[in-house]
Structures are given as C-alpha cells and as structure tokens.
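# Examining the three-dimensional arrangement
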Amino acid sequence: MPLKVTTCGAVCAVLLVAACGSGASAGNPARAGGSGQPKPGGRLTAALSSAPDCLDPQQAGSSTTITVTRQLVDSLTDQDPATGEIVPWLAESWKAESGARRFTFTLKDGVTFSDGTPLDAQAVKDNFDHLVKLGARAVQASTYLSGYRRSVAVDARTVRVEFDHPNAPFLYGTSTTSLGIVGKATLAKPAADRCASGVVGSGPFVLDHYTPNQEVVERRRDGYTWGSALAPNKGAAYLDQVVFQVVPEESVRVGRLRSGQADVVSLLQPQAAPQLRQEGLALETRSPAGLVYSLNVNVSRPLTADPAVRRAIQKAVDRRQIVTTLYGSVYRPATSVLAGSTPGYTDLGADLAADPAGAGRLLDGAGWKTGADGVRVKDGRRLSLVLRWFSTYAATQSALELVQQQLKAVGVDVVLKQTPVSQALQAFKDGDYDLILGDAPSADPDILRRYYTARGLNAVRLPGGPLQTALDGQAAESDTGKRAAQVAAAQTLLVRDAYAIPLFEGSVIVGVGARAHGVRFDSAARLQFHDAWVS
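In short, a report on the structure. This structure is a prediction, so every number in the text was calculated from the model and none was measured. (Residues numbered from 1 in each chain as written. Predicted model: local features only at pLDDT ≥ 70, side-chain atom pairs only at ≥ 80, totals over all residues. Heavy atoms only, no water.)

### Comments concerning the packing of aromatic side chains
- Enumeration according to the criterion identifies 17 aromatic pairs in this entry.
- Here F103 and F163 contribute two aromatic rings whose centre-to-centre distance is 6.0 Å and whose plane-to-plane angle is 90°, an arrangement assigned as edge-to-face. Placement of the pair is F103 in strand β6 (residues 102-107) and F163 in strand β8 (residues 158-163), with a sequence separation of 60 residues.
- Look at F128 and F170: their rings are 5.8 Å apart centre to centre, the planes differ by 75°, and that puts the pair in the edge-to-face class. One end of the pair, F128, is in helix α3 (residues 121-134); the other, F170, is in helix α5 (residues 170-173), with 42 residues separating them in the sequence.
- Looking at F170, the relative accessible area reads 0%, which means it is buried.
- A network of ring pairs unites the aromatic residues F103, F105, F128, Y148, F163 and F170 as a single cluster. (Phe/Tyr/Trp six-rings, centres within 6.5 Å; stacked < 30°, edge-to-face > 60°. Helix = DSSP H or I, 4+ residues; strand = E, 2+ residues; numbered from the N terminus. Buried < 20%, exposed > 50% of the residue type's maximum accessible area, 1.4 Å probe, protein only.)

### Some remarks on helix α2 (residues 63-70)
- Among the eight residues that make up α2, seven are buried, leaving the element largely enclosed by the rest of the structure.
- Every buried residue of α2 is listed here: T64, T65, I66, T67, V68, T69 and R70.
- In the core, the buried residues of α2 are packed alongside β2 (43-48), β10 (215-220), β11 (241-246) and β26 (527-528). (Contact = heavy atoms within 4.5 Å.)

### Topic: the pairing of β11
- Along β11, five of the six residues are buried, which leaves the element largely enclosed by surrounding structure.
- In terms of strand pairing, β2 meets β11 through six bridges, oriented parallel. When the sheet's bridge partners are listed, L48 is paired in β11 with V246.
- Strand direction decides the pairing type here: β10 and β11, joined by five bridges, are antiparallel. Across the sheet, R219 pairs through a bridge with Q241, a residue of β11. (Pairing = 2+ DSSP bridges.)

### Focus: the sheet that holds β8
- Pairing is antiparallel across the open sheet formed by four strands, whose spatial order is β5-β6-β8-β7. This sheet does not close on itself; its edge strands, each paired only once, are β5 (91-97) and β7 (148-155). Averaged over all pairs of adjacent strands, the angle between their axes in this sheet comes to 15°, without regard to strand direction.
- Relative to β6, β5 runs antiparallel, the two being bridged by six bridges. The residue bridging K95 from the neighbouring strand is T104, located in β6. (Axes fitted to C-alpha atoms, helices over the stretch in contact; angles between N-to-C directions.)

### What about the nonpolar core?
- Ranked by internal contacts, the top residues of the largest apolar core, which has 50 residues, are L295, I322, L503 and F504.
- Counting residues in hydrophobic clusters, the runner-up holds 38 residues, among them I86, V124, Y172 and Y224. (Core = buried A, V, L, I, M, F, W, Y, C linked by side-chain atoms within 4.5 Å.)

### Considerations on the state of the cysteines
- Tallied over the entire structure, the rule returns one disulfide.
- Note on cysteine connectivity: C54 is disulfide-linked to C195, with sulfurs 2.1 Å apart. Because the torsion about its S-S bond is -85°, the bridge between C54 and C195 counts as left-handed. Linking C54 in the loop between β2 and α2 with C195 in helix α7 (residues 191-197), this pair joins segments that are 141 residues apart in sequence. (Disulfide = S-S within 2.5 Å.)

### Observations regarding the packing of helix α10 (residues 307-316) against helix α12 (residues 356-365)
- It is at 7 Å that the axes of α10 and α12 come closest, and there the two elements cross at 170°. Viewed along their axes, α10 and α12 adopt a mutual orientation that is roughly antiparallel. When α10 is examined against α12, the residues A308, V309, R311, A312, K315 and A316 are found in contact with a partner set consisting of P356, G358, A359, L362 and L363.
- Partitioned by chemical class, the residues of the contact of α10 with α12 number eight nonpolar, one polar and two charged. (Parallel < 35°, antiparallel > 145°, perpendicular 65-115°, else oblique. Nonpolar A, V, L, I, M, F, W, Y, C, P; charged D, E, K, R; others polar.)

### Let's talk about the pattern of salt bridges
- Counted according to the given criterion, the structure contains 27 salt bridges.
- Of the charged contacts, one joins D432 and R301 as a salt bridge, the two residues approaching to 3.3 Å between their closest N and O atoms. With D432 in the loop between α14 (424-430) and β21 (435-441) and R301 in the loop between β14 (290-297) and α10, this residue pair connects regions lying 131 residues apart in the sequence.
- Through salt bridges with shared partners, a single ionic network connects R149, R150, R160 and E162. (Salt bridge = Lys/Arg side-chain N within 4 Å of Asp/Glu carboxyl O.)

### Notes on the side chain of N167
- Locating N167 in the fold gives a position in the loop between β8 and α5.
- Overall, the relative accessible area of 1% leaves N167 in the buried class.
- A polar contact is formed between the side chain of N167 and the backbone oxygen of Y144, at a distance of 2.8 Å.
- Among all residues touching N167, those that are not within four sequence positions of it are A100, F103, Y144, L145, S146 and A475. (Polar contact = N/O pair within 3.5 Å; in protein donor to acceptor, adjacent residues only side chain to side chain.)

### Examining the sheet that holds strand β15 (residues 332-333)
- Taken in spatial order, the six strands line up as β15-β22-β14-β21-β19-β20 in an open sheet, and their pairing is mixed. In this open sheet, the two strands that pair with only one neighbour each are β15 and β20 (413-418).
- Pairing between β14 and strand β22 (residues 500-505): four bridges, direction antiparallel. Within the sheet, the bridge partner assigned to S294 lies in β22 and is P502.
- Across the sheet, α10 is in contact with β14, β19 (384-389) and β22; its angle to β22 comes to roughly 15°.

### As for the packing of helix α16 (residues 466-475) against helix α17 (residues 480-496)
- Following both chains from N to C, one finds α16 and α17 inclined at 155°, their axes separated by 8 Å at the closest point. Judged by the inter-axis angle, α16 sits roughly antiparallel to α17. The handedness of the crossing between α16 and α17 comes out as left-handed. Of α17, the residues touching α16 (which contributes P466, L467, A470, L471, G473 and Q474) are R483, Q486, V487, A489, A490, L493 and L494.
- For the contact of α16 with α17, the per-class residue count stands at nine nonpolar, three polar and one charged. (Left-handed = near helix turned anticlockwise from the far one by under 90°.)

Shape is all these values report; function is a separate question.
Printed below as a string of structure tokens:
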C-alpha cells in the first residue's frame, strides 16, 4: 500500500531505520491513486485516543492537545525532522548574538491573525512577555524562556529577544507550539478561558467548534500564504475541515479505520501492528526525538550510590530481548539516552550490550554475595531496589516486568511501584525511589539538562560535577559543533557511569486510511495537516 504520511525523507530513513517506512520527502507529498495531485476540498477525520486538555497551545500538556492546536497556531520557526535544522516560518530570518543572549528575528510581511489583525513585532513581544506571566501554566514555554529579560519591537517587522544568560535552546523553542504566537484578543483573555474557548492564531485552520470529550472541528482559513519552509503547500490548506474525534478505545479507533469512518487514527499499540499490516492497513511510525525510555538511578540512595551496582544493572538489562519479545520491529533497542532522531545523538550501543556474566563479576568484586533466596547481600543488606513508574500502558508494565526478571537473574531484586501520572512530578521531587522510569519527547538535546541537573528535574540526584558542567555548557554554546561535543560528553557520562539505564526507543504509530494523503509528522512526531488532502 502506498505511503500516505509525509515523513522526513531519505536522511531520516537512515537515522530512524524502519521508523520512516519508505520515506516520502517532506518537500514532496506522498502520492496514491489517480494522478496523485493534491485535491482541494473535503473533510478528513482523525480519531484521537484522548480529548485535548486545553485549546491553548501555550498551555498545552498532552500530545493530543498539541496536535489539535498546532493546526491553529504558527511559530516563528520550524524544525526539519530529517536534519534538526531550524528553518523559517513566521520569521523569514534571524541571528543569535552576544553568546546566545540576544536573538533578533525579521518577520514575514503580510501575516495576519484569523481576526484580521496583523502579526508584527509588537505582537511577538507581547506573546513572550505574557508567556512569562503565565508561569506554571506554560510549563514548557518557561524552560525555553529561562533567563528572559525582555523583548524589544525594533520596528514593525523586527523583534529582539534578550536573556540574562546564554540560552542556546531558545531558538529550538521558537519552533514549538509552546512558543506559538497568538493574537492580542487571546492574550487579553484569562488563561482558563483560553483553554475552554480556544485561541486566535495565524495558522492554516481556525476553530469551528469544540464539543468537550467528543470532537474538535477545524475549518480551512482562506488566504493563508505563510506556511513553514518545510511545507510543500505554499497556499491555503487543501482540506475544508479537519475533524478530531475522541475515541479512547483502541479497538474502536481501528474499527473506524477499517470501515473508512476515520482517515487517520493515533497512538496504536505496537503489538497490533503486525496484524493490521497483514490486513493491508497502512501504518506509519516515527521515533520521537528526545529522551528514550530509561530507568533513572537515584545516586543519593545507599544501594544505588554504589557504582558497581549501577554498572551491573546496565549490563544485566537485555534491551534486544525486551524489544523482540514485546514490540517487534516497531520499536528498537536504545543505543543512548537520546533517540537517534535527536540532534546531537551519540551512538553508545557498544556500552549497552547485554552482559549478565559481566554484571555478576562486577557485583562479586564489590562484595555483593548471593543469598539463599538468590538475592545478593552485603553487610547484612539485601540488594532490593524500588522502581517507580507512571504509565497505564500495559506494554510498559510488561517491559518493566521483563527487566525485573533480567535483574533477578544476576541477584538484584526489583520492586515495581506504580504511581498515578498526576503524581509524577511530585515523585521526582520527593526522590523516594532507587530507579524511576522516564522518557521525554523533545527535538533539542537540552532536554538532558532539564531532566538530569539540579536546576531541572534532577532525576538522578547528582549535586553537580562533570555532567552538570557539560549540560550547562551546551545550553550556553552558540557554536553548533562545540555544543554537539558537550551533548556527546553528557550522554557518555550518563551511560558509562550508569546514571541512566536506557531501555528502548518508542514509536508513534499512526494508521492512515486509503483516502488520506500528505499528512506530515513534525520533528516531535506530531501530525500536521496543512499539506493533507483526501481523494
């Protein structure tokens, strides 16, 4: 069946192995049926696994919310999924100065919001000033605006953004929905009202209506001519409407795809992929950039403070067995703490080869002796670790149970403790764990700093040292080559000192019906519909 999702081209296919299928180019929409030329008009229906939690992209938390709101709001820049390069969108050019403390953007001429007001430098300044005031409601934006000092509207089309300290990741942030630009009418509304009623944006679609927990309907905005440099379509969207239906049950979503009631269905489980492909259904996948699924090790706890214990765990985990047993060809074993699609990724696969015998030797050498029940003991203390996890996704639990068996084989007891997702942030803050499962999509490697340093989530409880130095250094480095070297050093420290135990790279799995064409993944593996059309 022909490829229907425009992903990221041949380069991405090399980076992601099987993730991009046959790799239609982002600059050349996939074609299927008839002449293959985009056909204006029609309605595309996308079945989503959950309802959006807020119709304001600046406050969005879930992937579903970002997918829905991305169609309404543009960003200053976009990011090429194949290369990680930042490319023009609302800004036609920019420059970073003063060691990544100052960024100046030149805006495209003639851009308007959906209420007809112009998008100018003052609008961008007002957005960034307002995002800072949103505080915790704009949790993602606050990380990109760390050290924000002010924005200056130099003239109608030129805006300068200033920081108190170097902030290299800010440029990536300008490509995200979190820093998407909304109109003055939206900024004037209370944050809660924006979540309920949506926003005025400059995107290729506008909100038609939202029925909570049922559907979101968006309609084409006529006159749209300022799409991302990555978009093959240089004008208004082809579709008359995009309808996002909330369908929590995966079996029902798949049923709608089979029957033609839905053109796109999201978040399919990897176990379902082989059967669906045998039926002839088109499945497209992309491994999201960012942190892979990893066990993060709390080095402030007595047992995991021992480097031999951490390194033994690293060796005892058989990543290939996890993937082949549970996920098939859709996922792949982790080869670093960063996914292979992330800019700055370093291949550390050789350090992550399974070696249970080596794990046993490390523990023997550190004085951990096997007890009567098979669990190792040292100085009267059993090698028993608490592993916290949050997902309600059954396949995640199965993976952790397999890790539990692998570690038991070398004498390490693991107690799995599931915690509600709503309590995840507090669990990280409390530090009441030896190991904690985590992953985080992000197309910029600065996610490492936000996850692993004392100024961020502090997942591994390191107070400072070489890892902090490397991660602070990359955030302050405007030279891309030097920044990549710092990111590589951080990955190496995390893996070789076993502060993080990478497990596998997940994939976003999307089912695409025969009518749908030109649906694109962005760099964070979320769907875009500006280029989409139906036959």
